[in-house]
Amino acid sequence: MALRIIKSFFHAEWKWQSPPICDVLIYDQTGSEVVKKLFNKNCSIGVMPVRGESYNIRVLLNSFTMISLYKKDIRLPYITSYIKCSKPKLVITFIDNSPLFYRISSLIPSAKTALIQNGNRGGVANVFDNIKPNDVWLVDYMFLFGREIGKVYSKFIVGEVVPVGSIKNNMVPKPKSLKKLNFSKKVAFISQWRPDVLNGFFIDIEIIK
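Given the structure is predicted, the values throughout are model-derived calculations rather than measurements.

### With respect to a nonpolar patch on the surface
Together, Phe10, Trp14 and Trp16 line one region of the surface with nonpolar side chains, adding up to about 400 Å² of accessible area. Inspection of the secondary structure assignment puts Phe10 in helix α1 (residues 2–11). Residue Phe10 is classed as exposed on the basis of its relative accessible area of 58%.

### Quick notes on the sheet that holds strand β5 (residues 90–93)
The six strands lie next to each other as β3-β2-β5-β6-β7-β8, forming an open sheet whose pairing is parallel. Looking at the sheet topology across the chains shown, the edges are occupied by β3 (45–48) and β8 (158–163). Between one strand axis and the next, the sheet turns through 25° on average, direction left out of account. Examined bridge by bridge, strand β6 (residues 112–116) and strand β7 (residues 138–144) share three bridges and lie parallel to one another. Across the sheet, the residue bridging to Ile116 is Phe143, located in β7.

### A closer look at the pairing of β6
Here β6 lies mainly inside the structure; four of its five residues are buried. Relative to β6, β5 is paired through four bridges, and the arrangement is parallel. When the sheet's bridge partners are listed, Leu90 is paired in β6 with Lys112.

Thresholds applied
- Residues numbered from 1 in each chain as written.
- Predicted model: local features only at pLDDT ≥ 70, side-chain atom pairs only at ≥ 80, totals over all residues.
- Heavy atoms only, no water.
- Patch = residues over 30% accessible without salt bridge, like charges linked within 9 Å, V, L, I, M, F, W, Y side chains within 5 Å.
- Areas by Shrake-Rupley, 256 points an atom, 1.4 Å probe, with all protein chains shown as cover.
- Salt bridge = Lys/Arg side-chain N within 4 Å of Asp/Glu carboxyl O.
- Helix = DSSP H or I, 4+ residues; strand = E, 2+ residues; numbered from the N terminus.
- Buried < 20%, exposed > 50% of the residue type's maximum accessible area, 1.4 Å probe, protein only.
- Pairing = 2+ DSSP bridges.
- Axes fitted to C-alpha atoms, helices over the stretch in contact; angles between N-to-C directions.

Dropping the structure here:
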């Protein structure tokens, strides 16, 4: 693990300026284009790369002071330092199978955390196949397809389950007139969330305090 991270460092983009302070920090670039659409335009949003795409040098230097975290995972000091520099009210991810993300709340209690279920669970390549329950794995919110899958997540991760259906399916625009549709050639998306809950956008950052 450590050797792979060191190799990625020399092939990644280096950034010298500190990460900008933001209201919401998206953990992992993967899926960030989906998550950005969930917030209104007045919300400042940052993205934290965690797959070696780039490294912030100032964050990296700050992370060297967090020696105790290196014993748990070599990536934790950098992630923790990045969040502290960005000072977000909410850290959110579309990658719901990251044990590193589950640790953030216990390390930085001042930041709210939330994960979004990004696909069906169960069967082959199940998100829970390679993780085990842990006392420090917790998030503030889990935006999941429904309450039943929430019972499964809750066996591994502590957090409030918020059933919202599929985020991607929710973004499929509702047709203005159903009469004009030929249903023999269309796919209907069924979900549980309605956009009028929070004035047309998904998460109001003002309530995440």
